[in-house]
Structure formats: structure tokens, C-alpha cells
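These are the residues of each chain, in order.
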Amino acid sequence: MAGTRAAIRYAKAVLSLALSQNKAEAVNEDMKGIASTIAQSEDLANVLSNSVVKAEAKKAALLAIFPKLDSISTGLFDVLIANKRVSLLNAIALKYNALFDAHNGKEAAQVTTAVPLTKDLEAKVLAKVKALTNKEVDLESIVDETILGGFILRVGDKQFDASISNKLNKLKREFTLN
């Protein structure tokens, strides 16, 4: 939990610096690349979290993997290495992306369905979510056959569960209580 709070603080500081220098968009792209690379490379994640690996080696690895980053992003590497917090890099990158989107009035939404969404249905869901939140929405579609049918919509910290499995569970609870 302390790591999460620290990641939020670092991400806020980086966003503030990037906004003041009009580099927020470039840093956002850097952070997306960093987050996706760390998520795809278990070896990189292990190196960053390994306390045996020297700080200079971690910095050299990061600069070799990410040679074309903005100066703010490379400056973040220096700060994290100096404070022995480089293991938080992935969390910071993810938090930065979320803060950047919130700053620009964007919200992330997830819709979980039992079958893949058609383009027409996805457009309808996007329009409905945009009308409810009054924000630009990035929709992530997840397929989960266990919900049997219907959908589960998550926008920010709100969730609307209209899945068949949820309705069956409610019925089951009602019958067991009576």
C-alpha cells in the first residue's frame, strides 16, 4: 500500500512537471511504452525489483531499453534510482497515464460480456457511457464466458452488473434466505 501511495506521488510530481514544460503528451507516450514493456518482460520487472542488481546496472538497462525518452522521463529514472524506488516504475507509469487521462477529461471504462461485442454494440455502449459521465471514454472490451450473458460495465470506481450470472446469484440468495 505504501508503494501505491508513493507511485501516486511520483506520478503527480511528474505530471505537474510535464504540464509546466508543455511536455505532458510526450511523457504520457513514454509512460505507456514503459508500462507495456515492463508488463511484457518478466525479466525487466525482476531486474527492477531485485535489490542485488546495482543501481548503475538498472539505469544502464533502462536507458538501453528506452533510448528515445523525453528528458522528464529519464529524469524520473535518476530520481527513482537515487531514492531506491526504481521498483515502482511500472506503477508510476500506470498512475501517470490515469492522471493524464483524468486531467484531459478522459475516463477508462471496461465492459465485460460473454461474447465479443460487435462494432455497432460497442458504439452504443460508448455513447451511453459518454452521456453518463460527460467525459471522453476509452472502452476496453473483455470477454468472459462465465457471466453467461448480459454485461458488466466498470467506469472509474463505479460498476454496473447486468450479467446473467449475477441475476442467478441474487435469485439463489433470495431462495436460501426464505
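Attention here is on the structure that accompanies the text. (Residues numbered from 1 in each chain as written. Predicted model: local features only at pLDDT ≥ 70, side-chain atom pairs only at ≥ 80, totals over all residues. Heavy atoms only, no water.)

**Concerning the overall build of the chain**
Secondary structure assignment for the chain yields 8 helices and 4 strands. In terms of C-alpha radius of gyration, the chain reaches 20 Å, well past the compact-globule figure of 16 Å for 178 residues. With the C-alpha coordinates of the chain rotated into their principal frame, the extents come out at 65 × 35 × 30 Å. The buried share of the chain, reckoned over its 178 residues, is 31%. Pairs at least 24 apart in sequence give 69% of the contacts found in the chain among residues at least 6 apart. For the chain, the computed accessible surface area is about 11,200 Å², with 56% contributed by carbon and sulfur atoms. Placing the 24 positive and 20 negative side-chain charges of the chain at their respective mean positions leaves the two points 6 Å apart. (Helix = DSSP H or I, 4+ residues; strand = E, 2+ residues; numbered from the N terminus. Rg over C-alpha atoms; globule rule 2.2 N^0.38 Å. Buried < 20%, exposed > 50% of the residue type's maximum accessible area, 1.4 Å probe, protein only. Contact = heavy atoms within 4.5 Å. Areas by Shrake-Rupley, 256 points an atom, 1.4 Å probe, with all protein chains shown as cover. Lys, Arg positive; Asp, Glu negative; His and termini not counted. Charge placed at Lys NZ, Arg CZ, Asp CG, Glu CD.)

**Let's talk about the nonpolar core**
The biggest cluster of nonpolar side chains holds 30 residues, and the ones touching the most others in it are Met31, Ile34, Leu76, Leu89, Ile92 and Tyr96. Elements with a minimum of two residues in this core: helix 1 (2-20), helix 2 (24-40), helix 3 (42-49), helix 5 (71-82) and helix 6 (89-103). Considering each element in turn, this core owes the most residues, 7 residues, to helix 1. If we ignore the near neighbours within four places in the chain, the residues touching leucine 76 are Tyr10, Val14, Met31, Leu89 and Ile92. Counting 9 residues, the second-largest nonpolar core is a separate cluster that includes Ala109, Val111, Leu153 and Val155. (Core = buried A, V, L, I, M, F, W, Y, C linked by side-chain atoms within 4.5 Å.)

**Let's talk about the sheet that holds strand 4 (residues 158-163)**
Taken in spatial order, the 4 strands line up as 2-1-3-4 in an open sheet, and their pairing is mixed. Looking at strand neighbours, the two that pair on one side only are strand 2 (136-143) and strand 4, the edges of this open sheet. Averaged over all neighbouring strand pairs, the angle between strand axes comes to 15°, with direction disregarded. Against the sheet, helix 7 (residues 119-133) engages strand 1 (106-113), strand 2 and strand 3 (150-155), with an angle of about 135° to strand 2. (Pairing = 2+ DSSP bridges. Axes fitted to C-alpha atoms, helices over the stretch in contact; angles between N-to-C directions.)

**Overview of the pattern of salt bridges**
Between side chains of opposite charge, a pair can form as their charged atoms come close. Here the structure, examined in full by the defined rule, presents 6 salt bridges. Ionic pairing is found between aspartate 78 and lysine 59, a salt bridge with its closest N-O pair at 2.6 Å. With aspartate 78 in helix 5 and lysine 59 in helix 4 (residues 55-65), the pair connects residues that are 19 residues apart, well separated along the chain. A salt bridge links glutamate 136 to lysine 130, with the nearest nitrogen and oxygen atoms 3.3 Å apart. Assessed through its relative accessible area of 41%, glutamate 136 is described here as partly exposed. (Salt bridge = Lys/Arg side-chain N within 4 Å of Asp/Glu carboxyl O.)

**Overview of the packing of helix 2 against helix 5**
Remark: helix 2 packs on helix 5, axes separated minimally by 8 Å, with the N-to-C direction vectors making an angle of 50°. With respect to helix 5, the element helix 2 is oriented oblique. Contact with helix 2, carried on its side by Val27, Asp30, Met31 and Ile34, involves Ile72, Ser73, Leu76 and Phe77 of helix 5 and no other residues of that element. Here the residues of the contact of helix 2 with helix 5 sort into 6 nonpolar, 1 polar and 1 charged. (Parallel < 35°, antiparallel > 145°, perpendicular 65-115°, else oblique. Nonpolar A, V, L, I, M, F, W, Y, C, P; charged D, E, K, R; others polar.)

Honestly, it's all geometry; don't read function into it.
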